[in-house]
Amino acid sequence: MQVLQAKQLQKSFQDGAQVTAVLKGIDMTVSEGEFVAITGASGAGKSTLVYQIGLLDVPTAGTVFVGDTDAASMSMRQKTSYRLETFGFVFQDYALLPEMRAWENVALPVLMRGTPLQSAKKQAVKALSRFGMADRINHTPSQLSGGESQRVSIARAIVHQPSVLFADEPTANLDGDRSRQVIDIFHELHRAGQTIVMVTHELEYAEEASRLIVLKDGVIEKDGRPKRSKQHAR
Ligand SMILES: Nc1ncnc2c1ncn2[C@@H]1O[C@H](COP(=O)(O)OP(=O)(O)OP(=O)(O)O)[C@@H](O)[C@H]1O
Ligand SMILES: [Mg+2]
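None of the values given here were measured: they were computed from a predicted structure.

Overview of the sheet that holds strand β2 (residues 18-31)
So, step 1. Spatial ordering of the open sheet is given by β2-β1-β4-β5, a layout of four strands whose pairing is antiparallel. Here the strands that pair on one side only, and so sit at the sheet edges, are β2 and β5 (69-70).
So, step 2. With two bridges joining them, strand β4 (residues 61-66) and β5 adopt antiparallel strand pairing. Counted as the bridge partner of Val66 is Thr69 from β5.

Given below as structure tokens:
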């Protein structure tokens, strides 16, 4: 089943008279249960692509479908509630709320779905523990290292069991062991049926995904099953 589709997707940014074309006609479909890795040089448009298919931005041309729904037919409010219900995001810059403790940041998507505080806190602490952060739950982002903030943002992205997990460079600030740990958790989620769209510079991890998309200058240069893809028995 198709969970996401981009058709001739384009995105340009305008700053005064200067127009920068970033995405120049992307066609891609993500099916349920896929683990898609997106790689490509810095500036290729990877984060921009995630913003468009994650309903965080409005494309300049082309179409994005979420499920069978054309995103252009959805109101801002509908997009926001769809995002909250269906998507989890690990942002390249974490996007944690600075005045909130780690557990509060993670509990937020659960609270927004109407879960009572104590139960939301329990789920948040459980997700943080999964990433070795049990002893940091009361820290605010300014009291956390970059790698710790990254792990809080990953816990927040998965705590409400989203249908699609978007992760933009989720291991960028982690050391080798921590990176491996995060990628292994992604494989574990994938085996349990989680759909994942992950941007990464790390070829080793990209090649373990079920599908690898290479972006170059705003177009898809390659799209297929990587050689070292981990085959999951279903
Ligand atoms: N809001 C914006 N206004 C103008 N230009 C932008 C904007 N957002 C992105 N760009 C430009 O779009 C291009 C692609 O940016 P994007 O962040 O998608 O790249 P990326 O592939 O994610 O790179 P990286 O690997 O460095 O994260 C860059 O050249 C960037 O300068
Ligand atoms: Mg990026």
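Points about the pairing of strand β10 (residues 219-224)
So, step 1. Across five bridges, strand β9 (residues 211-216) lies against β10 in antiparallel orientation. Within β10, the residue paired with Ile213 across the bridge is Asp223.
So, step 2. A loop of two residues connects β9 with β10, the two strands running antiparallel in sequence, and Asp217 in this loop sits at a positive phi of about 45°.

Considerations on the site of ligand 1
So, step 1. Around ligand 1 lies a shell formed by Phe13, Val22, Ala41, Ser42, Gly43, Ala44, Gly45, Lys46, Ser47, Thr48, Gln92 and His201.
So, step 2. With respect to ligand 1, the side chain of Ser47 contributes an N or O atom lying 2.9 Å from an oxygen atom.
So, step 3. In the environment of ligand 1, an oxygen atom lies 2.9 Å from a nitrogen or oxygen atom belonging to the side chain of Gln92.
So, step 4. Isolated, ligand 1 exposes 630 Å² of accessible area, and the fraction of that covered by the protein chains is 60%.
So, step 5. By residue number, the principal contributor to the shell around ligand 1 is helix α1 (residues 46-53), which donates three residues.
So, step 6. Looking at the shell around ligand 1, its residues break down into four nonpolar, seven polar and one charged.

Here we look at the nonpolar core
So, step 1. In this structure, Val106, Leu128, Phe131, Val152, Leu165, Phe186 and Met198 are the most contacted members of the largest nonpolar core, which totals 39 residues.
So, step 2. Excluding anything up to four places from it in sequence, Leu165 contacts Gly88, Val90, Ala157, Ile158, Phe186, Leu189, Gln194, Thr195, Ile196 and Val197.
So, step 3. Core analysis: the second largest hydrophobic core is formed by 29 residues, Leu23, Ile26, Phe87 and Phe89 among them.

Brief notes about the side chain of Thr86
So, step 1. By the secondary structure assignment, Thr86 is in helix α2 (residues 76-86).
So, step 2. Thr86 has contacts with Pro162, Ser163 and Val164, leaving out every residue within four places of it along the chain.

A short note on the coordination of the magnesium ion (ligand 2)
So, step 1. Each protein donor to the magnesium ion (ligand 2) is listed here as Ser47 (OG) and Gln92 (OE1); together their distances run 2.0 to 2.4 Å. Of this pair, Ser47 sits in helix α1 while Gln92 sits in the loop between β6 (87-90) and α3 (102-111), placing them 45 residues apart in sequence.
So, step 2. Overall, Ser47 belongs to the partly exposed group, its relative accessible area being 22%.
So, step 3. Note on Gln92: relative accessible area 43%, which makes it partly exposed.

Some thoughts on the environment of Asp27
So, step 1. By the element assignment, Asp27 lies in strand β2.
So, step 2. Residue classification places Asp27 among the partly exposed residues on the basis of a relative accessible area of 42%.
So, step 3. For the pair formed by Asp27 and Pro98, sequence separation is 71 residues and the distance between their alpha carbons is 37 Å.
So, step 4. Residues within four places of Asp27 in sequence aside, it is in contact with Ala6, Lys7, Gln8 and Ile220.
So, step 5. Within the local environment of Asp27, its side chain forms a polar contact with the side chain of Gln8, the two groups lying 2.7 Å apart.

Structural notes on unusual backbone geometry
With the exception of glycine, most residues fall at negative phi, and the peptide bonds are largely trans.
So, step 1. With a phi close to 70°, Tyr94 is a non-glycine residue in the positive phi region.
So, step 2. Secondary-structure assignment places Tyr94 in the loop between β6 and α3.
So, step 3. Given the relative accessible area of 15%, Tyr94 is considered buried.
So, step 4. The residue Asp217 is not glycine, and still its phi comes out positive at about 45°.
So, step 5. Among the secondary structure elements, Asp217 is positioned in the loop between β9 and β10.
So, step 6. Owing to a relative accessible area of 52%, Asp217 belongs among the exposed residues under this scheme.

Digging into the sheet that holds β9
So, step 1. The strand order β6-β7-β8-β3-β9-β10 describes an open sheet built from six strands, whose pairing is mixed. Either end of the sheet is taken by a strand with one partner, and the two such strands are β6 and β10. In this sheet, adjacent strand axes meet at a mean angle of 15° when their direction is disregarded.
So, step 2. Helix α5 (residues 146-158) contacts β6 and β7 (164-168) of the sheet and is inclined by roughly 175° relative to β6.

The rules behind the values
- Residues numbered from 1 in each chain as written.
- Chains lettered and ligands numbered in written order.
- Predicted model: local features only at pLDDT ≥ 70, side-chain atom pairs only at ≥ 80, totals over all residues.
- Heavy atoms only, no water.
- Pairing = 2+ DSSP bridges.
- Helix = DSSP H or I, 4+ residues; strand = E, 2+ residues; numbered from the N terminus.
- Near = heavy atom within 4 Å.
- Polar contact = N/O pair within 3.5 Å; in protein donor to acceptor, adjacent residues only side chain to side chain.
- Areas by Shrake-Rupley, 256 points an atom, 1.4 Å probe, with all protein chains shown as cover.
- Nonpolar A, V, L, I, M, F, W, Y, C, P; charged D, E, K, R; others polar.
- Core = buried A, V, L, I, M, F, W, Y, C linked by side-chain atoms within 4.5 Å.
- Buried < 20%, exposed > 50% of the residue type's maximum accessible area, 1.4 Å probe, protein only.
- Contact = heavy atoms within 4.5 Å.
- Donors = N, O, S within 2.8 Å, 3.2 Å for Na, K, Ca; no water.
- Axes fitted to C-alpha atoms, helices over the stretch in contact; angles between N-to-C directions.

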